[in-house]
Structure formats: C-alpha cells, structure tokens
Amino acid sequence: MANRKRNIQMKFWVTAEEKELIDEKMKLLPTRRYGAYLRKMAIDGYRSMTVYLERKGYFYSPATVHKYMNTELGLHSIVRP
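Here the structure is a predicted model, which is why all the values come from computation and not from measurement.

What counts, and where the lines are drawn
Residues numbered from 1 in each chain as written. Predicted model: local features only at pLDDT ≥ 70, side-chain atom pairs only at ≥ 80, totals over all residues. Heavy atoms only, no water. Helix = DSSP H or I, 4+ residues; strand = E, 2+ residues; numbered from the N terminus. Buried < 20%, exposed > 50% of the residue type's maximum accessible area, 1.4 Å probe, protein only. Contact = heavy atoms within 4.5 Å. Areas by Shrake-Rupley, 256 points an atom, 1.4 Å probe, with all protein chains shown as cover. Phe/Tyr/Trp six-rings, centres within 6.5 Å; stacked < 30°, edge-to-face > 60°. pLDDT = per-residue confidence, 0-100. Patch = residues over 30% accessible without salt bridge, like charges linked within 9 Å, V, L, I, M, F, W, Y side chains within 5 Å. Salt bridge = Lys/Arg side-chain N within 4 Å of Asp/Glu carboxyl O. Lys, Arg positive; Asp, Glu negative; His and termini not counted. Charge placed at Lys NZ, Arg CZ, Asp CG, Glu CD.

K.L.:
Can you help me understand the overall build of the protein chain in this one?
P.N.:
Check the secondary structure of the protein chain and you find 3 helices and 0 strands. For the protein chain, the sequential pattern of α-helices and β-strands runs α-α-α. In the protein chain, which comprises 81 residues, the proportion classed as buried is 15%. Of all intrachain contacts in the protein chain linking residues separated by at least 6 positions in sequence, the fraction that spans at least 24 positions is 29%. On the protein chain, roughly 7,500 Å² of surface is accessible, and the fraction owed to carbon and sulfur atoms is 58%.

And the structure:
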C-alpha cells in the first residue's frame, strides 16, 4: 500500500446514537463508505456551516463560526486555509 493517495489512517469512537445519526445522513447521499462520507463532512462541514449562516442572513467572522461549531455544537471541524 505504499502508493496510496491517502496514507494516514484516522480512527475515532462514537456512541450508538451518533452512529445511527451518521447512518441516517449517509442514506441521503450516494456514498456507502464511512471513510468517504466522514472525510467529505470533515473537510466541507465548515464551508457548509458558513454558507448556511449567510443564507439565513448572518455574517460572522471565520473565527466566530469555528468557535461556535467547536464549543456550542461540538462539531470539531477541520478548517483548511
């Protein structure tokens, strides 16, 4: 597997309720692989949140959105520069 594009494996734990929520949301998308789904959500989740807020008429700085997602929602996003 030396030629893998993604050569770093990540693992994490979820509760039964969280797994059910993830499974329900995955049914709405064409993917059936957890890795692909979670990678997409982790990378694009922050962008989705900012777009959602802007559509609702809220305009916050990136730092404020990131802090809200982490502390209030517990979403711990990955933010790309």
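K.L.:
In this structure, what is going on with the packing of aromatic side chains? I would like to understand it.
P.N.:
Ring pairs (aromatic) are described by centroid distance and by the angle formed between their planes. Under the defined criterion, the tally for this structure stands at 1 aromatic pair. On the basis of an interplanar angle of 5° and a centroid distance of 6.2 Å, the ring pair of Tyr 58 and Tyr 60 is categorised as stacked.

K.L.:
Looking at this structure, I do not really get the confidence of the model for the protein chain. What am I missing?
P.N.:
Note that predicted coordinates carrying low pLDDT should not be read in detail. For the protein chain, per-residue confidence averages 78 on the pLDDT scale, and residues scoring 70 or more make up 80% of the total. The least confident element of the protein chain is helix α3 (residues 62-72), whose mean pLDDT is 72; the most confident is helix α1 (residues 16-26), at 89.

K.L.:
Just checking my understanding: could you explain a positive patch on the surface for this structure?
P.N.:
Residues Arg 4, Lys 5, Arg 6, Arg 33 and Arg 39 make up a contiguous surface patch of positive charge. Structurally, the position occupied by Arg 6 is in the segment before α1. Exposure remark for Arg 6: the relative accessible area of 45% places this residue in the partly exposed category.

K.L.:
How should I be thinking about the environment of Ser 61 in this particular structure?
P.N.:
Along the chain, Ser 61 falls in the loop between α2 (34-55) and α3. With 11 residues separating them along the chain, Ser 61 and Thr 50 place their C-alpha atoms 9.2 Å apart.

K.L.:
How should I be thinking about a nonpolar patch on the surface in this particular structure?
P.N.:
Together, Leu 28, Leu 29 and Met 41 make up an exposed nonpolar region whose accessible area comes to about 300 Å². Position of Leu 28 among the secondary structure elements: in the loop between α1 and α2.

K.L.:
Please explain the pattern of salt bridges as it appears in this structure.
P.N.:
Two side chains that carry opposite charge are able to pair once their charged atoms sit near each other. As enumerated under the stated definition, the model contains 1 salt bridge in all. A salt bridge links Lys 19 to Asp 23; the nearest nitrogen and oxygen atoms lie 2.8 Å apart. Of the two residues, Lys 19 and Asp 23 are both situated in helix α1; the distance of 4 residues between them amounts to about one turn of the helix. Given the relative accessible area of 38%, Lys 19 is considered partly exposed.

K.L.:
How should a negative patch on the surface be read in this particular structure?
P.N.:
Residues Glu 17, Glu 18, Glu 20 and Glu 24 make up a contiguous surface patch of negative charge. Structurally, Glu 20 can be placed in helix α1.

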